[in-house]
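# Chain and residue survey
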2 protein chains.
Amino acid sequence: MTAYGADATGPILIWFSASAEGAWRQVDTRAIRGPALAPAPRLDVQIGAEPAFSAVWRLKGVVSHLRYTTGAEAHKLGDRGAGLGRPEADRAVLIPIRKSPAWWALPQDERRNIYEEQSRHTSIGLEYLPQIARRLHHCRDLGEPFDFLTWFEFAAEHETAFDTLLARLRATEEWRYVDRETEIRLVRT
Amino acid sequence: MTAYGADATGPILIWFSASAEGAWRQVDTRAIRGPALAPAPRLDVQIGAEPAFSAVWRLKGVVSHLRYTTGAEAHKLGDRGAGLGRPEADRAVLIPIRKSPAWWALPQDERRNIYEEQSRHTSIGLEYLPQIARRLHHCRDLGEPFDFLTWFEFAAEHETAFDTLLARLRATEEWRYVDRETEIRLVRT
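The structure contained in this document is the topic of the report that follows. (Residues numbered from 1 in each chain as written. Chains lettered and ligands numbered in written order. Predicted model: local features only at pLDDT ≥ 70, side-chain atom pairs only at ≥ 80, totals over all residues. Heavy atoms only, no water.)

### Section: the overall build of chain A
- What chain A contains, in helices and strands, is 5 helices and 8 strands.
- In sequence order, the secondary structure elements of chain A are arranged as β-β-β-β-α-β-α-α-α-β-β-α-β.
- In terms of overall dimensions, chain A is globule-like: its C-alpha atoms have a radius of gyration of 16 Å, near the 16 Å expected for 189 residues.
- Out of the 189 residues in chain A, the part that is buried amounts to 51%.
- Sequence separation of 24 or more characterises 77% of the internal contacts of chain A that already satisfy a separation of 6 or more.
- For chain A, the accessible surface area stands at approximately 8,200 Å², while carbon and sulfur atoms represent 52% of it. (Helix = DSSP H or I, 4+ residues; strand = E, 2+ residues; numbered from the N terminus. Rg over C-alpha atoms; globule rule 2.2 N^0.38 Å. Buried < 20%, exposed > 50% of the residue type's maximum accessible area, 1.4 Å probe, protein only. Contact = heavy atoms within 4.5 Å. Areas by Shrake-Rupley, 256 points an atom, 1.4 Å probe, with all protein chains shown as cover.)

Now the structure itself:
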């Protein structure tokens, strides 16, 4: 009955598998908050069906519609946006995050207010485009241990800028609602 | 790795199975827009793992956080809300809906504007509380053939009010973005 990709605009399911396979070498795994994910030599990223090989851990998420972004913001993001897979962008970071029950109990307008008006989440990310490309995967409704998987891609020369972006986001009001976070640094091989 | 129900506030997965089993007798199935779902004698509703018995069709969705509702609206809904399973509410209607690619391409503020400011979706529903109880199940991110499954429960004496509620919603601007809709009327046995 499951029909991901039944139309071109529907959610796209992505699998992240930590194992000995995959195009990305894991160079560092840090548990920022909550329990860690086990380290593994590589990370494999696949679209569609669950990969057949066994993995140390496997996380899935869907690339889906925007949840907080306004039309004006979406326009700016589109203007400055950068795609994944640029040849020079051989560094990636996967950041699985879970937000607290208190966050999810908030109504939409209060979550939006914390997300952007107080924390400037979209505005901060915009400052680092097009150097730091990102793709957000939603997984809360999929019964996963995390709510979001964010994938960042950039060239080695922009790693310091990425560190600053991350530090700024983690200092926001929004991040007070993050109750589990892991950071996995990767290099494309 | 799937962990629905890992905490009390997380999304809850619900299965709707059309077969010879289940507490609800199917009295009518109408394809309002798009292809129909096959009729079956009964409908079974279960929480958690996929039911083991075979079904004519099976749809799943998660009861999850609010997507458009403001704090003020959530407060009103809470005040007037009615739970499922009331003894007198032996009529139910399951309405699976899919919205168009054009809807999902809209940013959050434009979807909210159509949903409530133009279509008064929450406000209309409020007028029928507590007589018409409802529970919304999200399934777009689950790769299902529908985006939402709405379950309504009411006493037989309120069926006319329910019909009016449905007619009012279907006449809204929001419904212009509905590209598949089926209506399944049920009686508890």
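### A short note on the relation of the copies chain B and chain A
- Each copy of the sequence occupies a distinct position, and chain B is placed on chain A by a rotation of 180° and an axial shift of 0.0 Å, giving an RMSD of 0.0 Å. These values place the two chain copies in the arrangement generated by a two-fold rotation axis.
- A shared binding surface is used by both copies, with 100% of the interface residues of chain B retained as interface residues in chain A. (Least-squares fit on C-alpha atoms with pLDDT ≥ 70 in both.)

### What to know about the pattern of salt bridges
- Enumeration according to the criterion identifies 36 salt bridges over all chains in this entry.
- Each of D28(A), R30(A), D90(A), R91(A), E159(A), D163(A), R170(A), E181(A), E183(A) and R185(A) takes part in one network of salt bridges that share partners. (Salt bridge = Lys/Arg side-chain N within 4 Å of Asp/Glu carboxyl O.)

### Overview of helix α3 (residues 108-118) of chain B
All names here are of chain B.
- Those residues of α3 that sit buried are Q108, R111, R112, I114, Y115 and E116. Taken end-on, α3 shows its buried residues confined to a sector of 165°, consistent with a single buried face.
- Phi for R120, located one or two positions after α3, is positive at around 55°. (Arc of directions from axis to C-beta.)

### Quick word on the side chain of R112(A)
All names here are of chain A.
- Its location among the elements puts R112 in helix α3 (residues 108-118).
- One polar contact links R112 to E73, side chain to side chain, over a distance of 2.8 Å.
- In this structure the side chain of R112 is engaged in a polar contact, spanning 3.0 Å, whose partner is the side chain of E117.
- Residues in contact with R112, not counting those within four places in the same chain, are Y68, T69, T70, E73 and E117. (Polar contact = N/O pair within 3.5 Å; in protein donor to acceptor, adjacent residues only side chain to side chain.)

### Details of the interface of chain B and chain A
- Between chain B and chain A, the residue contacts involve 34 residues of the former and 34 residues of the latter.
- Note on chain B versus chain A: buried area summed over both sides is about 2,800 Å², and carbon and sulfur give 51% of it.
- On the surface where chain B and chain A come into contact, there are 2 salt bridges.
- Taken together, the connections running from chain B to chain A amount to 12 residue pairs in polar contact (both at pLDDT 80 or more).
- Elements with a minimum of two residues in the side of chain B that touches chain A: β4 (57-63), α2 (101-105) and α3 of chain B.
- Tallied by class, residues from the side of chain B that touches chain A come to 13 nonpolar, 11 polar and 10 charged. (Buried area = accessible area lost by both parts, 1.4 Å probe. Nonpolar A, V, L, I, M, F, W, Y, C, P; charged D, E, K, R; others polar.)

### Some details on the pairing of strand β5 (residues 91-99) of chain A
All names here are of chain A.
- Counting buried positions over the 9 residues of β5 gives 7, a clear majority of the element.
- Examined bridge by bridge, β5 and strand β7 (residues 148-154) share 7 bridges and lie antiparallel to one another. Residue pairing across strands places L94 opposite W151, the latter belonging to β7.
- Where β5 meets strand β8 (residues 178-188), 7 bridges bridge the pair, whose relative direction is antiparallel. Bridged to K99 within β8 is V178. (Pairing = 2+ DSSP bridges.)

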